[in-house]
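Listed below are the residues making up each chain.
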There are 2 protein chains.
Amino acid sequence: MATISDIYGPGAADKPELNNNFHVDYVIHFLIPPKERDEAEAAFIQVIQALASAGFATEVRPGGDRASLLIFCKIASEKLLRAQIYRSRLQDYLYGIRTTAPPSRKNQGGVEVDYNSYFADEPVSEAERLRLAYLLISKPRAEGGAGITPKGTLGASASPAKGGPGARQSNVAAQNKFVASIFPLHDHAFNRAWLRKWSTKYMLDAADLDAIRDKFGERVAFYFGFMQSYFSFLLFPAVFGFFAWLAIGQFSWVYATVNGLWSVVFFEYWKKREVDLAVQWGVHGVSQIQLPRPQFRFEREAKDPVTGETVKIYSPFRRLSYQLLQVPFALACVAVLGSLIILCFSIEIFMTELYNGPFKQYLTFLPTVLLTVLLPLLTGILTNFAEQLTNIENYETQDDHQAAFVQKIFVINFITSYLPVLLTAFVYVPFGKVLVPYLNVFQAVTHRLAGAHKGSAATDHTAIQKANFQVNTHRLTQQVISLTVTAQIVNFLIEAVVPYVKRKVFKAAEEIAYRGQSDVTAKDAPEEAAFLERVRDEATLAVYDVSIDYREMVVQFGYLSLFSVVWPLTACSFLVNNWVEARSDAMKIAVSSQRPIPWRGDSIGPWLTSLGFLSWLGSITSAAIVYLFRSNTFGPDHSPWDIKAWALLLSIIFAEQVYHTVRAVVHYVVAKLDSPGLQKERAERFALRKRALAESLGEDEAEKALSPGVTGGVGVTNAEKITRAAVEAEARELAVKGLDKPEDIFWLRQRGPSESVQVGRSLIAEFTDTSSNNTIHNGNTTTVPAPVKEL
Amino acid sequence: MATISDIYGPGAADKPELNNNFHVDYVIHFLIPPKERDEAEAAFIQVIQALASAGFATEVRPGGDRASLLIFCKIASEKLLRAQIYRSRLQDYLYGIRTTAPPSRKNQGGVEVDYNSYFADEPVSEAERLRLAYLLISKPRAEGGAGITPKGTLGASASPAKGGPGARQSNVAAQNKFVASIFPLHDHAFNRAWLRKWSTKYMLDAADLDAIRDKFGERVAFYFGFMQSYFSFLLFPAVFGFFAWLAIGQFSWVYATVNGLWSVVFFEYWKKREVDLAVQWGVHGVSQIQLPRPQFRFEREAKDPVTGETVKIYSPFRRLSYQLLQVPFALACVAVLGSLIILCFSIEIFMTELYNGPFKQYLTFLPTVLLTVLLPLLTGILTNFAEQLTNIENYETQDDHQAAFVQKIFVINFITSYLPVLLTAFVYVPFGKVLVPYLNVFQAVTHRLAGAHKGSAATDHTAIQKANFQVNTHRLTQQVISLTVTAQIVNFLIEAVVPYVKRKVFKAAEEIAYRGQSDVTAKDAPEEAAFLERVRDEATLAVYDVSIDYREMVVQFGYLSLFSVVWPLTACSFLVNNWVEARSDAMKIAVSSQRPIPWRGDSIGPWLTSLGFLSWLGSITSAAIVYLFRSNTFGPDHSPWDIKAWALLLSIIFAEQVYHTVRAVVHYVVAKLDSPGLQKERAERFALRKRALAESLGEDEAEKALSPGVTGGVGVTNAEKITRAAVEAEARELAVKGLDKPEDIFWLRQRGPSESVQVGRSLIAEFTDTSSNNTIHNGNTTTVPAPVKEL
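Being a predicted model, the structure only gives us computed values, none of them experimental.

### Structural notes on the sheet that holds strand S1 (residues 26-31) of chain A
Strand-to-strand pairing in sheets goes through backbone hydrogen bonds, with the strands running parallel or antiparallel.
Residue and element names in this part refer to chain A.
Part 1: As summarised here, the arrangement of the 4 strands in space is S2-S3-S1-S4, forming an open sheet in which the pairing is antiparallel. Strand pairing shows two members of the sheet lacking a second neighbour, strand S2 (56-62) and strand S4 (179-183), which therefore form its edges. Each strand axis lies, on average, 20 degrees off the axis of its neighbour in the sheet, ignoring direction.
Part 2: Pairing of S2 with strand S3 (residues 68-75), which is carried by 7 bridges, proceeds in the antiparallel orientation. Along S3, the bridge assignment pairs Arg61 with Leu70.
Part 3: Across the sheet, helix H3 (residues 37-54) is in contact with S1, S2 and S3; its angle to S2 comes to roughly 150 degrees.
Part 4: Helix H6 (residues 126-138) rests against S1, S2, S3 and S4 of the sheet, and its axis sits at about 35 degrees to S1.

### A word on unusual backbone geometry
All names here are of chain A.
Part 1: Phi is positive for Asn394, close to 55 degrees, though the residue is something other than glycine.
Part 2: Its location among the elements puts Asn394 in the loop between helix H16 (366-393) and helix H17 (398-435).
Part 3: Judged by relative accessible area, which is 0%, Asn394 ranks as buried.

### Here's the deal with helix H11 (residues 253-280) of chain B
Residues and elements named next belong to chain B.
Part 1: Here H11 is 28 residues long and its end C-alpha atoms lie 40 Å apart, about the 40 Å a rise of 1.5 Å per residue gives.
Part 2: At the N-terminal boundary of H11, the capping side chain belongs to Ser252, with an oxygen 3.0 Å from the backbone nitrogen of Val254.
Part 3: Looking at the residues trailing H11, positive phi occurs at Gly282, about 70 degrees.

### Things to note about the nonpolar core
Part 1: By size, the foremost hydrophobic cluster in this structure holds 241 residues, and its most contacted members are A:Trp194 and B:Trp194.
Part 2: Top contributing element to this core by residue count: helix H10 (residues 206-247) of chain B, with 16 residues.

### Describing the state of the cysteines
Part 1: Here the structure, examined in full by the defined rule, presents 0 disulfides over all chains.
Part 2: This cysteine, A:Cys333, is not joined by any disulfide, and A:Cys344 carries the nearest cysteine sulfur, 17 Å off.

### A few points about the pairing of strand S3 (residues 68-75) of chain B
All names here are of chain B.
Part 1: With respect to burial, S3 is a largely interior element, 8 of its 8 residues being buried.
Part 2: Here S3 shows no split at all, with Ser68, Leu70, Phe72 and Lys74 on one side and Leu69, Ile71, Cys73 and Ile75 on the other all buried.
Part 3: Bridge count between strand S1 (residues 26-31) and S3: 6 bridges; the pairing is antiparallel. Residue pairing across strands places Tyr26 opposite Cys73, the latter belonging to S3.
Part 4: In sequence, strand S2 (residues 56-62) turns back onto S3 through a hairpin of 5 residues, with Arg66 there showing a positive phi of about 60 degrees.

### Observations regarding the sheet that holds S2(B)
Residues and elements named next belong to chain B.
Part 1: A sheet is described by the order of its strands in space; here 4 strands give the open sequence S2-S3-S1-S4, paired in antiparallel fashion. Each having just a single partner strand, S2 and strand S4 (179-183) make up the two edges of the open sheet. Direction aside, the axes of adjacent strands within the sheet are offset by 20 degrees on average.
Part 2: Sheet strands touched by helix H6 (residues 126-138): S1, S2, S3 and S4. Its angle to S1, the strand with the most contacts, is close to 35 degrees.

### Topic: the domain arrangement of chain A
All names here are of chain A.
Part 1: Each assigned domain of chain A is listed with its residue range as follows: domain 1 (24-155 + 173-185) and domain 2 (213-452 + 466-515 + 540-673).
Part 2: One C-alpha centre belongs to domain 1, the other to domain 2, and the line joining them spans 37 Å.
Part 3: Contacts between the two partners involve 21 residues from domain 1, matched on the other side by 26 residues from domain 2.
Part 4: Interface area for domain 1 against domain 2, summed over the two sides, is near 2,200 Å², with a carbon-plus-sulfur share of 59%.

### Some points on the pattern of salt bridges
Residue and element names in this part refer to chain A.
Part 1: Taken as a whole, this structure holds 60 salt bridges over all chains when the rule is applied.
Part 2: Glu538 is paired through a salt bridge with Arg534; the nearest N and O atoms lie 3.0 Å apart. Of this pair, Glu538 and Arg534 both sit in helix H21 (residues 526-540), 4 residues apart, which is roughly one turn of that helix.
Part 3: Of the residues examined, Arg534 reaches a relative accessible area of 1% and is grouped as buried.

### Some thoughts on the packing of aromatic side chains
Part 1: A full pass over the atoms with the stated rule returns 88 aromatic pairs over all chains.
Part 2: Here the aromatic rings of A:Trp194 and A:Phe224 are separated by 6.1 Å at their centres, their planes lie at 80 degrees, and the arrangement is edge-to-face. Residue A:Trp194 is found in helix H9 (residues 188-198), and its partner A:Phe224 is found in helix H11 (residues 218-247); the two are separated by 30 residues along the sequence. Residue A:Trp194 shares its accessibility class with A:Phe224, and that shared class is buried.
Part 3: For A:Arg61, the ring lying beneath its charged end belongs to B:Phe746, and the centroid distance is 4.6 Å.
Part 4: Directly above the ring of A:Trp579 sits A:Arg583, whose terminal nitrogen or CZ lies 4.1 Å from the centroid.

### Some points on the UniProt feature "transmembrane region" (unreviewed entry) in chain A
Part 1: UniProt marks residues 220-246, 252-270, 327-350, 362-385, 405-429, 480-501, 557-576 and 607-629 of chain A with the feature "transmembrane region" (unreviewed entry), using the numbering shown here.
Part 2: Taken end to end, residues 557-576 of chain A is 70% helix and 0% strand, and its two terminal C-alpha atoms sit 14 Å from one another.

### Thoughts on the environment of A:Gln46
Part 1: One can find A:Gln46 in helix H3.
Part 2: In this structure the C-alpha to C-alpha distance between A:Gln46 and A:Trp253, which are 207 residues apart in sequence, comes to 66 Å.

### Some remarks on the packing of H17(A) against helix H22 (residues 546-563) of chain A
Residue and element names in this part refer to chain A.
Part 1: The geometry of H17 relative to H22 is characterised by a closest axis approach of 11 Å and an angle of 40 degrees between their N-to-C directions. With respect to H22, the element H17 is oriented oblique. Note on packing geometry: the crossing formed by H17 with H22 is right-handed. Contact with H17, carried on its side by Gln402, Ile409, Phe410, Asn413, Ser417, Tyr418, Val421 and Leu422, involves Ser547, Arg551, Val554, Val555, Gly558, Tyr559, Leu562 and Phe563 of H22 and no other residues of that element.

### Let's talk about a nonpolar patch on the surface
All names here are of chain A.
Part 1: On the surface, Ile489, Leu493, Val497, Tyr500, Val501 and Val505 cluster together to form a nonpolar patch covering roughly 500 Å² of accessible area.
Part 2: Going through the elements one at a time, helix H19 (475-496) and helix H20 (498-514) are the ones with two or more residues in the nonpolar patch.
Part 3: Ranked by residues supplied to the nonpolar patch, first place goes to H20 with 3 residues.
Part 4: Among the secondary structure elements, Val501 is positioned in helix H20.

What counts as what
Residues numbered from 1 in each chain as written. Chains lettered and ligands numbered in written order. Predicted model: local features only at pLDDT ≥ 70, side-chain atom pairs only at ≥ 80, totals over all residues. Heavy atoms only, no water. Pairing = 2+ DSSP bridges. Helix = DSSP H or I, 4+ residues; strand = E, 2+ residues; numbered from the N terminus. Axes fitted to C-alpha atoms, helices over the stretch in contact; angles between N-to-C directions. Contact = heavy atoms within 4.5 Å. Buried < 20%, exposed > 50% of the residue type's maximum accessible area, 1.4 Å probe, protein only. Expected span 1.5 Å × (residues − 1). Polar contact = N/O pair within 3.5 Å; in protein donor to acceptor, adjacent residues only side chain to side chain. Core = buried A, V, L, I, M, F, W, Y, C linked by side-chain atoms within 4.5 Å. Disulfide = S-S within 2.5 Å. Domains from an automatic or database assignment. Buried area = accessible area lost by both parts, 1.4 Å probe. Salt bridge = Lys/Arg side-chain N within 4 Å of Asp/Glu carboxyl O. Phe/Tyr/Trp six-rings, centres within 6.5 Å; stacked < 30°, edge-to-face > 60°. Lys NZ or Arg CZ within 6 Å of the ring centre and 35° of its normal. UniProt positions renumbered as here; feature names shortened; annotations may be inferred. Parallel < 35°, antiparallel > 145°, perpendicular 65-115°, else oblique. Left-handed = near helix turned anticlockwise from the far one by under 90°. Patch = residues over 30% accessible without salt bridge, like charges linked within 9 Å, V, L, I, M, F, W, Y side chains within 5 Å. Areas by Shrake-Rupley, 256 points an atom, 1.4 Å probe, with all protein chains shown as cover.

And the structure:
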C-alpha cells in the first residue's frame with residue numbers, strides 16, 4: 001500500500017479494508033527489540049493490564065516487522081465512555097466553555113436519570129470520543145487512566161527515568177519505553193473526499209474547516225483556518241505588489257508603508273478571527289483547561305491553604321532562574337549559526353567576486369556545500385539543546401512546555417532564515433568596500449592549499465582582483481528572489497517527496513532484511529489480513545506535528561514583512577506556493593502521517609507572538625532598507641561614510657512609532673467589527689440570561705424583563721400604590737410607637753407626592769413674593785395621627 | 001457650619017444633626033430661578049411625580065437661598081429595594097461577578113420563597129443601597145426609573161435639547177434643567193473617625209480601604225488604593241534618589257536605569273494589584289456592566305438578528321470618523337498651548353538673560369502673569385472643546401465617554417505640564433546659542449513701546465547683551481525643582497484652601513444679597529432646623545470628581561518618570577507631598593464636597609493607559625537627557641553641532657528596546673506572584689466546582705472526585721469487571737445475530753486481557769525463534785460461540 005494511488009486511486013473506494021476501521025479506537029505500536037526481549041515482554045503485560053483496568057478491550061496482532069506488536073484498543077463499555085464525556089462536558093461548563101451544564105445525574109428524588117435522551121440531543125462526535133479515549137490511555141494510573149504515552153512524546157524521550165523521584169514514575173517510564181506510537185486509524189473514505197474536494201477549489205470555506213475540525217480536532221483545524229485567512233489576505237499584497245513592481249519598482253516607501261499596514265491589519269484580523277473560530281467551534285477558553293505534563297517534577301506537595309487540595313509545587317523563581325539560560329542560549333545560537341553563515345557568506349563573496357584561481361568552477365559551490373552539510377547539523381544540535389533547556393524549565397502543563405520550546409526554536413529559525421539577508425542588506429552592501437579587502441585571509445589559505453597540492457605553480461593565478469572590486473548591489477535582490485521562490489519549491493519537495501522516498505527505501509530494506517524468515521503476516525486471518533496490512537502500514541508513518549507547518553508559514557510571513565520591499569513580487573510567489581502548500585499539507589496528514597490525535601485548542605498559540613514580532617521588526621527593516629537603497633546611494637563610488645547615520649536612525653524611530661500608532665488604531669477598528677463568533681456568543685449569553693431570569697423570576701416576569709426598554713423594571717409598575725400604602729402603614733406603626741423622634745415626624749409632614757407638590761408650589765410662590773406671609777408650607781391639614789405642625 | 005472645626009472639632013460629636021441623616025437616601029437640590037419660575041414649577045411637579053412613580057417617598061423643604069427647593073427622597077418600601085437588589089445581584093451573577101446566584105424567587109411548588117433569611121445572610125450595605133437608589137432616580141422612565149439626572153452631569157449640560165431626536169427626550173431634558181445636584185448625605189460620625197485615624201498614621205492599610213469602599217463605593221476606594229500603592233512604592237526612589245543625589249549626582253545613567261526599572265515595576269505591579277483589589281471587593285468585571293449614557297443618540301433601532309432584542313444602533317464607522325477629529329484637536333492643543341508656552345518662555349529668557357532696559361524688575365514677571373492669566377483661559381476653552389468632541393463621538397456608555405474624555409484631557413495636561421521642561425532640555429540648552437539671537441524681535445518691540453511711551457530717550461539702555469550671552473545650563477535643574485516642589489505646594493493650596501475661601505465669600509455675598517428679605521429658614525420646624533441647616537450647607541458644596549485627583553497623581557508620576565534624572569530628590573519631594581495629598585483628598589471628600597455617589601469600578605480606568613505611556617516616554621527622555629547632559633557637553637563654548645545626532649538617536653532606540661524587554665520580563669514575573677485576590681478567586685472557583693459536582697454526581701462521588709490524585713477517575717475502579725462483562729454480553733448478542741462481519745469476529749479472538757497477554761507472549765516467543773512453527777497466536781481454545789481459527 002502506502003502510495004497515493006493505492007489509497008485514493010480509482011477502485012480504492014471499493015476496497016473494504018480502507019472503509020472499515022473495525023471499531024478500533026486506538027492502535028498501540030509496541031516494539032519488541034530482540035535484545036531486550038524479556039524487559040519488553042514484562043512491559044507488554046503491564047500495558048495490557050493497564051489498558052484493561054482503564055476500561056479498554058484489547059486485541060493483539062503481530063506487527064509487520066517481526067519485532068513489534070500491534071495492540072488494538074477500544075473503550076469496552078458505552079457506560080464508561082459516557083461517564084468520561086459527562087465529566088469532560090461538566091468541566092467545560094465549569095470553566096465557562098459551555099454555557100449549559102449537562103443534566104444532574106440524580107434528580108431530586110435520588111433516582112438515576114436516563115441519559116439516552118441527553119446523548120441523543122448532544123451526540124458524541126468522533127473527535128470527542130477519540131480525544132477522551134486518548135486521555136484515558138495517557139492519564140496517570142492514579143487518576144484512572146492507563147498511564148501509557150509514546151516514548152517519543154516531546155520531552156518524554158529525554159531521560160524519563162531520571163525525571164521522576166519515585167519508583168512508580170520510573171516504572172511507568174519502563175512500561176512506555178517500548179511504546180513506539182499510539183494512533184487512531186485514518187478514515188480513508190473521508191480523506192479521499194477531502195483531497196478530491198480541495199484539489200478542485202481555490203479557496204477553503206467554513207464548511208471545509210468544520211469538516212477538518214470534526215475529524216482531526218481543533219488544533220489541526222486552526223492551522224488550516226490560519227492558512228485560509230493568510231491565503232485570502234495574500235491576495236491584496238500580491239495584486240498590489242505586482243502593480244508596485246510594474247509602476248514603482250524596488251525600495252519604495254509607498255510599498256513599504258502599504259506592506260507594513262497590511263501586515264498589521266492581517267495580524268490584528270487574525271487575533272480576532274482566532275477568537276471567532278474558537279467561539280464557533282465551542283472551544284473558546286479551552287487553553288485554560290491545561291493538560292498536565294507527565295514529566296513535570298515537583299519539589300514538594302503542599303495543601304493549598306484555600307481549597308485544601310494537594311498541589312504539586314515547583315518554585316517559579318527556580319524556573320525563572322533556568323529561564324534566564326535562554327539569554328546565553330540565544331547568544332550561543334547567534335554565535336554558532338552566525339559564524340557559520342558569515343563564514344559561508346564571506347567564502348561565497350570571495351569565490352564569486354574576488355577569486356580567480358584554479359578550480360573556481362568547483363570552489364564556488366563550497367559555501368553551498370558547507371551550508372547544506374553543517375547547517376542542519378548545527379540546527380539539530382541547537383534544537384536538541386532547546387529541548388533539554390525546556391525540559392529543565394520543567395513546566396507543569398503541555399501548553400507551557402510547547403510554548404517555551406517554540407520560543408527557542410523561533411530564535412534558531414530567525415537566525416537561519418533572515419540573517420543572510422540582513423547581512424547582505426546592512427553589512428555587505430553598505431560596508432562591502434571597507435570589509436571585503438579583509439577577505440584576503442582566504443587568499444593566504446588558498447595560497448597554502450594550492451602550494452601543498454601542486455607546488456607553487458599556480459600562485460600567480462590566485463591574485464585577488466582587489467583593485468577592481470565593486471560591491472554587487474544586485475546581490476540583495478537576487479538573494480530575496482532565491483529565498484522566496486527557489487527555497488519555497490525546495491521546501492515543498494523536502495516536505496512532500498522525501499518522506500515518501502524514505503519510506504519506500506525503508507520498506508525495501510526491511511524486506512531484504514527479513515527475506516528468508518517466515519512472514520508473520522502470512523498467518524493473518526483472511527477476513528482481516530487486508531485490514532492488518534493497512535494498519536501495519538499506518539504504524540510506520542510519521543506522527544504529524546502541526547508546529548512544523550506553522551513554522552513554515554511564520555517564516556514566510558517574516559520574509560514578506562521584513563524584505564518584500566526589496567522585491568514586490570514576493571507575495572505573488574507566496575500566493576501560488578500557499579495554494580499548493582495547503583493541499584500538500586492535507587496530503588501529508590492523509591497519506592504520509594498517522595492520523596493525528598484530535599486535540600482541542602483555541603488559538604495558534606505561541607506563533608501569534610512570533611507573528612507580532614515579525615510584523616514589528618518589518619516596520620524597522622523596511623524603513624532602513626528603503627532609506628539605504630532608495631536612490632542610487634550605492635553607486636560605483638559610494639563610501640559607507642556617505643550614509644547619514646542620524647537620518648537612518650531617525651527614519652527607523654519614525655517608522656517604529658508610526659507602526660505602534662497604526663497598530664493601536666487598527667486594533668481598535670477591528671474590535672468594532674461584528675462576526676459570526678461574536679453573534680454566537682451573544683446568542684448564548686442571551687439564552688443563559690433568559691433561562692436564569694425565568695428560573696428566578698418565573699416565566700411571565702422574565703419575558704417582561706427581557707422585552708425591549710423595560711430591562712430592570714421589575715416591581716415598579718405598582719410603585720405609586722406601594723408608596724402610598726407604605727407610607728400609610730408606616731404612619732400607623734409610628735402612631736402605635738409614640739412618635740418621639742424628629743426623623744419619624746420628618747417623613748410624615750407631606751403625605752404622598754400630591755402634598756409634596758402642593759407644599760413645593762406654595763414655597764415657590766413665597767420665593768417670588770417678597771412680602772412673605774405665614775402660609776402653610778410644610779405642614780398639612782388632613783387628619784393624620786401624627787402631630788401636625790402649623791408654622 | 002461648613003468649617004472643619006464646626007463639623008469635626010471638639011463637641012461636634014454631640015451635635016445630633018451631624019449624627020442623624022433622618023433616613024434620607026438622596027437630596028435633590030432643585031433650582032427655582034426667579035426669571036423661569038413657571039417653567040421651574042412645572043418641572044418641579046414632573047420631578048415629584050416621577051419620583052413617586054419610581055417608588056420614592058418625598059418631602060420638600062425650602063433651600064437656603066430663596067431660589068431653590070430641597071427634595072428629600074427615600075425608597076418607600078423595603079420590598080421595592082429588595083427587588084432592585086435582587087435584580088442587581090442576579091445580573092452580577094450572570095456577568096460572572098458573583099459566583100452564586102440569589103435563590104430562585106419561587107421554589108418548585110410555585111410558592112413564594114421568604115427572602116428574610118437570604119438578606120440576613122447577605123445584608124445590604126450602605127453603598128449598595130445608595131447605588132441602587134441613585135440608579136432608580138436616574139434611570140429613564142421607560143425602564144422604571146425617574147429619569148432625573150443633575151444638569152451638570154458630564155456631557156449633559158452641552159445642549160441636551162438638541163441631543164435627542166424625540167419629544168420625550170427633550171421633555172426629560174426640560175425636567176432636569178433645574179436639578180442642580182443629587183447627593184446622599186454625609187455620615188459625619190464616620191468622616192470624623194476617618195480623618196482622625198488617618199492623621200495619626202503613616203501608611204494606609206487594607207482595612208482603611210475597605211472602610212472607604214463601604215462608604216463611598218469602589219470607584220473612590222480605587223483612588224485611595226492607588227495612592228496607597230504609589231506612596232509605598234515611592235519610598236524606594238526616595239531613598240535611592242537621596243543617595244544618588246549624594247553620591248552620583250545629576251544626569252546619571254545608573255539613576256535613569258534604576259528609575260526606569262522602578263516605573264515599570266510599579267506599573268506592572270499596579271495592573272496586578274488593581275485586579276486583586278477588584279476581586280477582593282467582589283467587583284472584578286463590573287466594568288462589563290456598562291451604565292448606559294442617557295445622552296446617547298441612536299441612528300436607528302433594529303432587532304438583533306440573534307437575540308431578537310431591540311438594540312439602539314449608532315454606526316461605529318461614523319463614530320470613528322468623528323474620532324479622527326482627535327488628531328486636529330491634538331494638533332490644535334499643541335499649536336495653541338505650545339505657542340503660548342514658547343512665547344512666555346522666550347520672553348522670560350529675553351527678560352532675564354538679555355534685556356537690561358528699564359522696568360526690568362517688573363517686566364521679568366510678564367511671562368508669569370501671561371501664563372497665569374492665559375493658560376487657564378486657553379485650557380478651559382480646549383477642555384470645553386474636548387467635551388464637545390466627546391459628545392459628538394456619542395458613546396453608548398458612561399465609561400466609554402469618560403475614557404474618551406480623559407484621553408483628550410491627558411493631551412492638554414501633557415502639553416501644559418511637560419512642554420516647558422522639554423523645551424528647556426531639548427531646545428533651549430542645546431540650541432540656545434543659535435536661537436537666542438532671534439529673540440531680538442523683542443528688542444524691536446520693547447524699542448517701539450519704549451519709544452511710544454516716553455519718547456526715544458531710553459533706547460540706548462535696551463541694548464541686548466548679545467555678545468555676552470551664555471546658555472544658562474542650570475535652568476533645567478531650576479525648572480524641575482520648581483515644578484516638583486513649588487508647583488506641588490501651590491497645587492495643594494489651590495485644592496485645599498481656594499474652595500474654602502470661595503465658599504466663605506459666596507456665603508457672605510448671599511447673605512448680603514438676601515439681607516432685608518425674610519429668611520425662609522426661619523420657618524423650619526425646631527426639631528429639624530439644625531438638620532436642614534446642615535443639608536442646605538451640603539447642597540452648596542461641589543461634586544467630588546475623582547478624575548481630578550487621578551490627573552494630579554498621573555502628572556506627578558510623569559515628572560518622576562520623565563525628568564527625575566535631572567534632580568534625583570524629586571521622589572523625596574513627592575513622598576512628602578503625597579502623604580499630605582492623601583489626607584487633603586480625604587478632607588476634600590469629607591468637608592468640601594458633597595458625599596459622592598458610591599459607584600462601583602474595577603480599575604483606575606483610562607488613567608492606566610496614561611501611566612503606561614508616561615513610563616514608556618520616560619525611558620526615551622531619560623536616555624536623551626543623560627546623553628545630552630551627562631558630561632559637560634554644554635560648557636561655555638559648546639556648539640549645538642557638537643552633539644552626535646546618531647549617538648543620541650542610537651541611545652534612544654537602545655533605551656526603548658531595553659524598556660520593552662524589561663517590561664515583558666517584569667510582567668511575566670509579577671504574574672507569577674500569589675496575592676489575596678487570587679487566593680479568593682481560587683477559593684470561590686473551588687467552592688463552585690465542588691457544588692456543581694455535588695449536584696451532578698451526588699455528595700459521595702464529588703468528594704471522591706475532588707480528593708487529590710483521583711480527579712477524573714469516576715467509574716473507573718470497576719473497569720476490569722466492565723470489560724469482561726461488556727465483552728461477554730456483546731458476544732452473546734453477536735451469537736444471536738449470526739456473526740458475519742469481520743469486525744465483530746476481530747474483537748472476539750482474545751477474550752479479556754489475560755488472553756491478550758497470552759497471545760502476545762507467544763508472538764514474542766515466535767519473533768525470537770527463527771525456526772518458526774505453527775503456534776497458536778491469535779486464536780484461543782476456550783469454547784466461545786465465535787469461529788475459532790487455528791493457524
